[in-house]
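Here is what each chain is made of, one letter per residue.
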Amino acid sequence: MKEFLGDTADNKAQQFMYEGDSHAILTKLHAGTAMFEGANKNIITYQDMHLYQQKFDYDKNTKSIFNTVTHTALASENEPNAETGYRVGKNVLTEPANVGNPAQRFEIVYCNH
């Protein structure tokens, strides 16, 4: 995870699109790929194949991104920062959903590109 650099068009590594019909989170950096929850709970991008490991939703109230099939949530790895809930330089993985866990909170910033 890196510090958010803003929503500029040249910052595609931190920009994603949500496909509501398939519940896929598509990356703008690698066309045709979607966020994928691996068996080891790591998050990668993989060819968008509408697999259950690629089905995610976002809860605006809890700010959590969760897999609609496995009921796990995205989380930043290890000792989240008390203010931001994540740590720069850490991996994003999945773990059992826990509304009170600040490591599972992600702020969505909408882009116009």
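Residues numbered from 1 in each chain as written. Predicted model: local features only at pLDDT ≥ 70, side-chain atom pairs only at ≥ 80, totals over all residues. Heavy atoms only, no water.

A. Focus on a nonpolar patch on the surface. A cluster of nonpolar side chains, namely Ile44, Tyr46 and Met49, defines an oily patch on the protein surface of about 280 Å² accessible area. Within the element layout of this structure, Ile44 appears in strand β4 (residues 43–47). (Patch = residues over 30% accessible without salt bridge, like charges linked within 9 Å, V, L, I, M, F, W, Y side chains within 5 Å. Areas by Shrake-Rupley, 256 points an atom, 1.4 Å probe, with all protein chains shown as cover. Salt bridge = Lys/Arg side-chain N within 4 Å of Asp/Glu carboxyl O. Helix = DSSP H or I, 4+ residues; strand = E, 2+ residues; numbered from the N terminus.)

B. The arrangement of the nonpolar core in detail. With 7 residues, the main nonpolar core is built from Ile25, Met35, Ile43, Phe56, Ile65, Leu74 and Phe106. With residues near it in sequence (within four places) discarded, Phe56 still touches Tyr18, His23, Ile25, Met35, Glu37, Ile43, Ile65, Phe66, Asn67, Thr68 and Leu74. (Core = buried A, V, L, I, M, F, W, Y, C linked by side-chain atoms within 4.5 Å. Buried < 20%, exposed > 50% of the residue type's maximum accessible area, 1.4 Å probe, protein only. Contact = heavy atoms within 4.5 Å.)

C. A look at the confidence of the model for the protein chain. Residues with a pLDDT of 70 or more make up 81% of the protein chain, whose mean pLDDT is 84. Looking at the elements of the protein chain, mean pLDDT is at its lowest for strand β1 (residues 16–19), recorded as 90, and at its highest for strand β3 (residues 33–37), recorded as 95. (pLDDT = per-residue confidence, 0-100.)

D. Region of interest: the packing of aromatic side chains. Within the structure shown, the criterion is met by 1 aromatic pair. Taking the centre distance of 5.3 Å and the plane angle of 50° together, the rings of Phe36 and Tyr46 count as tilted. Of this pair, Phe36 sits in strand β3 while Tyr46 sits in strand β4, and the two are 10 residues apart along the sequence. (Phe/Tyr/Trp six-rings, centres within 6.5 Å; stacked < 30°, edge-to-face > 60°.)

E. Summary view of the environment of His50. Relative to the assigned elements, His50 resides in the loop between β4 and β5 (56–59). When its relative accessible area of 47% is taken as the criterion, His50 is described as partly exposed. Those residues within four positions of His50 in sequence are excluded, and the remaining contacts are Ser22 and Lys55.

F. Up close: the side chain of Thr27. Tracing the chain through its elements places Thr27 in strand β2 (residues 24–27). Setting aside chain neighbours within four positions, we find Thr27 in contact with Gln15, Phe16, Thr33 and Thr45.

G. Structural detail: the pattern of salt bridges. If you walk through the whole model with that rule in mind, you get 2 salt bridges. A salt bridge links Glu37 to Lys41; its shortest N-O distance comes to 3.7 Å. With relative accessibility at 3%, the residue Glu37 sits in the buried group. Lys41 gets classed as partly exposed once you look at its relative accessible area, which sits at 35%. In this structure, Glu107 and Lys63 form a salt bridge, with 2.7 Å as the shortest nitrogen-oxygen distance. On the criterion of sequence distance, the pair formed by Glu107 in the segment after β8 (92–96) and Lys63 in the loop between β5 and β6 (64–67) is long-range, its members being 44 residues apart.

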